[in-house]
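# Per-entry structural report
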Amino acid sequence: MKEIFDHVSDDCSKLVTRRYSTSFSLGIRFLAKELQGPICAIYGFVRLADEIVDSFHGFDKAQLLAKFDADCFDAIKHHISLNPILNAFQKTINTYNIDPLLVKTFLHSMEMDLDKIEYTEDKYEEYILGSAQVVGLMCLYIFVEGKEEAYQKLKDSAMKLGSAFQKVNFLRDLSMDYQLLNRSYFPNVDAGNFSLADKKAIEEDIEAEFMAALSGIKQLPKSSQKGVYLAYTYYYQLFKKISKTPPEKILAKRIRISNPRKFGLMFSAVVRYQVGMM
């Protein structure tokens, strides 16, 4: 029975989420039970695409990504894939009537990572749209259970949250992206000579997006609000830690929050949520 394979596929997406991201795994646990599987399916799909372009060195990344792209849309069309991650993803896309254009836009940004690009402001915005904002929109479809009016109302906030998360990732990973992958996403910034002025300008942009995103989180359905707020709390605290770190240290190491600290942040976020102090 396909139902058994669908359950196995869901389990595979949940395993990928747990293995790759402690913070997202914790946040997902605070979503309503019926939302957890679909959000893991989105994460599993995004993670595999990201691994192709970031980690599978020594393999033909362009070929792997093209195959992944073709297999993805074949799965969405035929409602099945023998790749468990894609099978879980297609089920989520079809169940919530998620616009396939969002998927195509995401995969386009992954293609951008295959080549060295000098990021202009336009290219930067194009990459952020595909790599982060449309992922936020895919999740929003799930949070509002496919209701178009609610989706349109919260669309801008979801895009801001995805963008803020991604830009924090860019700052956190600046050293690895520049030194290991020969990438630099921030336009008009020389990553090799990352200055305090560069850092402050980027941080002002991120701070504004976090504030705009929080207003949207406060309007989410209760089924998803707590889990999204926990993810927001973690990323905002990571951002604040990065903000206090000198540029030269950003270039020297990847800034992290320890697992005990993550659990502490999650606990305090739950308390604030319960008493209505988001």
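Throughout what follows, the structure given in this document is the object of discussion. (Residues numbered from 1 in each chain as written. Predicted model: local features only at pLDDT ≥ 70, side-chain atom pairs only at ≥ 80, totals over all residues. Heavy atoms only, no water.)

### Side note on the overall build of the chain
Counting secondary structure elements, the chain contains 13 helices and zero strands. Its C-alpha radius of gyration of 18 Å places the chain within 12% of the 19 Å reference for a compact globule of 278 residues. Projected onto its principal axes, the C-alpha positions of the chain cover 55 × 50 × 35 Å. Considering the chain as a whole, with its 278 residues, one finds that 54% of them fall into the buried category. Residue pairs in contact within the chain that sit at least 24 positions apart in sequence constitute 71% of those at least 6 positions apart. Carbon and sulfur atoms make up 56% of the accessible area of the chain, which totals about 13600 Å². Looking at charge distribution, the chain has the averaged site of its 36 positive side-chain charges lying 9 Å from that of its 35 negative ones. (Helix = DSSP H or I, 4+ residues; strand = E, 2+ residues; numbered from the N terminus. Rg over C-alpha atoms; globule rule 2.2 N^0.38 Å. Buried < 20%, exposed > 50% of the residue type's maximum accessible area, 1.4 Å probe, protein only. Contact = heavy atoms within 4.5 Å. Areas by Shrake-Rupley, 256 points an atom, 1.4 Å probe, with all protein chains shown as cover. Lys, Arg positive; Asp, Glu negative; His and termini not counted. Charge placed at Lys NZ, Arg CZ, Asp CG, Glu CD.)

### Notes on the packing of helix H4 (residues 61-78) against helix H5 (residues 84-95)
A pair of packed helices is captured by two measures, namely the crossing angle of their axes and the spacing between those axes. In contact at an axis separation of 9 Å, H4 and H5 are set at 50° when each is read in the N-to-C sense. Here H5 runs oblique to H4, going by the angle between their axes. By crossing handedness, the relation of H4 to H5 is classed as right-handed. For the pair formed by H4 and H5, the contact residues are Phe68, Asp71, Cys72, Ala75 and Ile76 on the first element and Leu86, Phe89, Gln90, Ile93 and Asn94 on the second. Of the residues in the contact of H4 with H5, the class split is seven nonpolar, two polar and one charged. (Axes fitted to C-alpha atoms, helices over the stretch in contact; angles between N-to-C directions. Parallel < 35°, antiparallel > 145°, perpendicular 65-115°, else oblique. Left-handed = near helix turned anticlockwise from the far one by under 90°. Nonpolar A, V, L, I, M, F, W, Y, C, P; charged D, E, K, R; others polar.)

### Regarding the packing of aromatic side chains
Applying the stated criterion to the full structure yields 24 aromatic pairs. Residues Phe24 and Tyr43 carry aromatic rings whose centres are separated by 5.8 Å and whose planes lie at 45° to one another, so their mutual orientation is tilted. Of this pair, Phe24 sits in helix H2 (residues 22-29) while Tyr43 sits in helix H3 (residues 33-54), and the two are 19 residues apart along the sequence. Between Phe24 and Phe165, the aromatic rings sit 6.3 Å apart at their centres with planes inclined by 75°, giving edge-to-face as the arrangement. Here Phe24, found in helix H2, pairs with Phe165, found in helix H8 (residues 148-172); they are 141 residues apart in sequence, far enough to count as distant. Of the residues examined, Phe165 reaches a relative accessible area of 11% and is grouped as buried. One aromatic cluster is present, built from ring pairs that chain together Phe24, Tyr43, Phe165, Phe210, Tyr229, Tyr232, Tyr234, Tyr235, Tyr236 and Phe239. (Phe/Tyr/Trp six-rings, centres within 6.5 Å; stacked < 30°, edge-to-face > 60°.)

Function cannot be read off these values alone, since they describe shape.
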